Amino acid sequence: MASSGLPIHIHCSAQKPSVSSSANFDHLKSTLSNAFKPFLKQIERLPLRIDVAPQTLNDTCLKLVDAAVDSVFEFADQPLLPSQSNFGPVDEMKEAVQVTNIQGEIPRDFAEGVYIRNGPNPIFGALTSTSSMFGRSSYTWIEGEGMLHALYFCKGVEGDWTVLYKNRYVETETLKLEKQRNKPSFLPAIEGDSPAILSAYLLNMLRYGKVNKEISNTNVFEHGGKMYSIAENHKPQEINILTLETLNDWDVNGGWNRPFSSHPKKAPGTGELVILGIDATKPFAELGVISADGNKLLHRADLKLNRCSLCHEIGVTQRYNVFMDHPLLIDLNRLVRGSSLMKYEKEGYARIGIMPRYESADSIQWFKVKPNCTFHLFNCFEDGDEVVMWGCKALDSIIPGPDKGQNKFDWFSRKLRPIKPIEGSMDAVSEDQLVFPRPYEWRMNKQTGDVKERNLTGTEYSMDFPFINEGFVGVQNNYGYCQVRDSIASSASGMAKYGGLAKLYFGEQNPGFSLKENEVEGLTKVEYHMFEKNTFGTGAAFVPKQGGVEEDDGWVVTFVHNEDTNISQVLIIEAKSFTSKPVARITLPFRVPYGFHGTFRPMQLQNDILSIIPSLNSKIVKSISPSCSQIHE
């Protein structure tokens, strides 16, 4: 592991310097970029996540560095517009609460268990930016400490339901550190002027032994009977699903020392977990296979990529691992040259790799595909000689956002607005339509090396955050679900908002579609479940029906928020009657901000109810679990 003792001279000042004129600032940036070049080789040895405590610096040095940071860097909140209010954070609850406002009925054959969703919740009320003599740096809109929101469905002895709600921060080491300091402390190190990013990179490392905060705000997944919170920049954190307490970082008993991508996948048949870890330094991407019980790393392979592609998800089939190498790149050399750390390179290549489960990089079969940015997958599976991948494809990345100097709100508003139906090639879109994702299919023939690509849906709606019945991961499935972006509301607020859900029938063609010359096959049948006006949702998940036989036997659950009433709810939607009204609307006593991914974990809760909410009324406890009521009394 690289040492944090880089030879950096820090000049302290009693006052915060102001940013100079444009000409002088450009000269300063050029000078600083040149000044940092001698450290490039050392920087290149430092991954984006460094877990070495800064023990090499004595207390006096650390105090000097802290004083320099406090003197030179000025923190400022990144404010939200009124139309962005539900992206703002909420307070952490002290204890779970019972939810009693339920319209409709929770079905009797609904699975007992926990619906849980992750999302960013800045701990000091807002994301911060910094300004200094080095320029400006800020957090991207997807950052912010992770907060879990959980809804517990407890089934009583008579078949009646008790519903509980709780939220809690994911207590990463960096969150604990900033809580102790009671102020923003980490300098933003992703977006901004390159000298500011470089200085943040180095100063964060010197002060805390970590380049950036461990946000853990993206997804929640289960493996080996345990639950984990995850984001790309750090190892997962194990979570006590009953209390939402953060336990330990998961390094697979010392077998894994880098982050996971946010969407690891269970291999069909074996139940092993396939993971992908990226880094800004070589090896840029490593694949791992973890035993079904979660205790052992069974396989590890350097994919031998020659660039760091921000791959958010990995796919699996019965025999293969499937991964994307697209041109959304993290490049330290580019940062030192004065450009951005993260950038979608529009002229770059894109390819998909298929690799036997336990093989090395030499076994990868690469398929060149049209340049794209695909964060999320429905599924991958084998179909004869072909490996099929379904995902939500865009032609550019909404992350990290505009180039420096551009107005963020204007840029996002343009990129998120609705697009007109496209004539001719479905990929012939304007510059402001490139971040419009929609379902897409890649068919890769392992015998011939050919790839067939096609859009599964038209341009009426932008769709993302796909999910399926998890029992069909890695095998051919008939149905997929995803969130439908409300492009008008998204453009007006400059933030992505999702005004409904879609159900895709992969084996059926849209009956209203007339075949165009550029499409080999017709578009897929889609049904929509749109929310009420000014209501938007996140974190949807599929809940299989107990004793269900068919793939879509079950329900879709999602958090939604009505911006007119400022009320948050959880909806339960029957998958087989997808366009019908929700079978249940569960009104929550507190606001739930928009977030990212959710999941449902079936589990018996009768004997654990007091762990969730110790103060629950004894009569309610007795109705859920007589054995628990004896303890309560």
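Residues numbered from 1 in each chain as written. Predicted model: local features only at pLDDT ≥ 70, side-chain atom pairs only at ≥ 80, totals over all residues. Heavy atoms only, no water.

The protein chain is annotated in an unreviewed UniProt entry as Carotenoid 9,10(9',10')-cleavage dioxygenase 1-like from Gossypium tomentosum.

### Structural notes on the pairing of strand β16 (residues 285-290)
Most of β16 sits out of view: six of its six residues are buried. With six bridges connecting them, strand β15 (residues 273-278) and β16 associate as antiparallel partners. Each residue of the ladder has a partner; that of I275, found in β16, is G288. Linking β15 to β16, which pair antiparallel, is a turn of six residues. Bridging between β16 and strand β17 (residues 297-302) involves five bridges; their strand directions are antiparallel. Paired with G288 across the strands is R300, a residue of β17. Between β16 and β17, which pair antiparallel and follow one another directly, the connecting turn spans six residues, one of which, G294, has a positive phi of 80°. (Buried < 20%, exposed > 50% of the residue type's maximum accessible area, 1.4 Å probe, protein only. Helix = DSSP H or I, 4+ residues; strand = E, 2+ residues; numbered from the N terminus. Pairing = 2+ DSSP bridges.)

### Topic: the packing of aromatic side chains
What the rule picks out here adds up to 29 aromatic pairs. The interplanar angle of 50° and the centroid separation of 6.0 Å between the aromatic rings of Y481 and F578 together place this pair among those described as tilted. Taken together, the positions of Y481 in strand β30 (residues 479-485) and F578 in the loop between β35 (567-574) and β36 (584-587) put the pair 97 residues apart, joining distant regions of the chain. Relative accessible area serves as the criterion here: at 1%, Y481 is assigned to the buried category. When its relative accessible area of 1% is taken as the criterion, F578 is described as buried. Of note, R117 hangs over the ring of F559, and the distance from its end group to the ring centre comes to 5.6 Å. The ring of Y349 has R307 lying over it, and the distance from NZ or CZ to the ring centre is 3.7 Å. (Phe/Tyr/Trp six-rings, centres within 6.5 Å; stacked < 30°, edge-to-face > 60°. Lys NZ or Arg CZ within 6 Å of the ring centre and 35° of its normal.)

### Looking at the packing of helix α3 (residues 59-72) against helix α5 (residues 194-208)
Here α3 crosses α5 at 140°, and the two axes come no closer than 10 Å. The two elements α3 and α5 cross, and the hand of that crossing is left-handed. Residues L62, V65, D66 and V69 of α3 form the contact with α5, whose participating residues are L203, L206 and R207. Of the residues that constitute the contact of α3 with α5, the class distribution is five nonpolar, no polar and two charged. (Axes fitted to C-alpha atoms, helices over the stretch in contact; angles between N-to-C directions. Left-handed = near helix turned anticlockwise from the far one by under 90°. Contact = heavy atoms within 4.5 Å. Nonpolar A, V, L, I, M, F, W, Y, C, P; charged D, E, K, R; others polar.)

### Some thoughts on the sheet that holds strand β25 (residues 373-383)
One open sheet holds the four strands; their spatial order is β25-β26-β27-β28, and the pairing between them is antiparallel. Both outer strands of the open sheet, β25 and β28 (451-455), are each paired with one neighbouring strand and no more. Neighbour to neighbour, the strand axes of the sheet diverge by 20° on average, direction disregarded. By the bridge criterion, eight bridges tie strand β26 (residues 386-394) to strand β27 (residues 438-445) in an arrangement that is antiparallel. Bridged to G391 within β27 is Y440.

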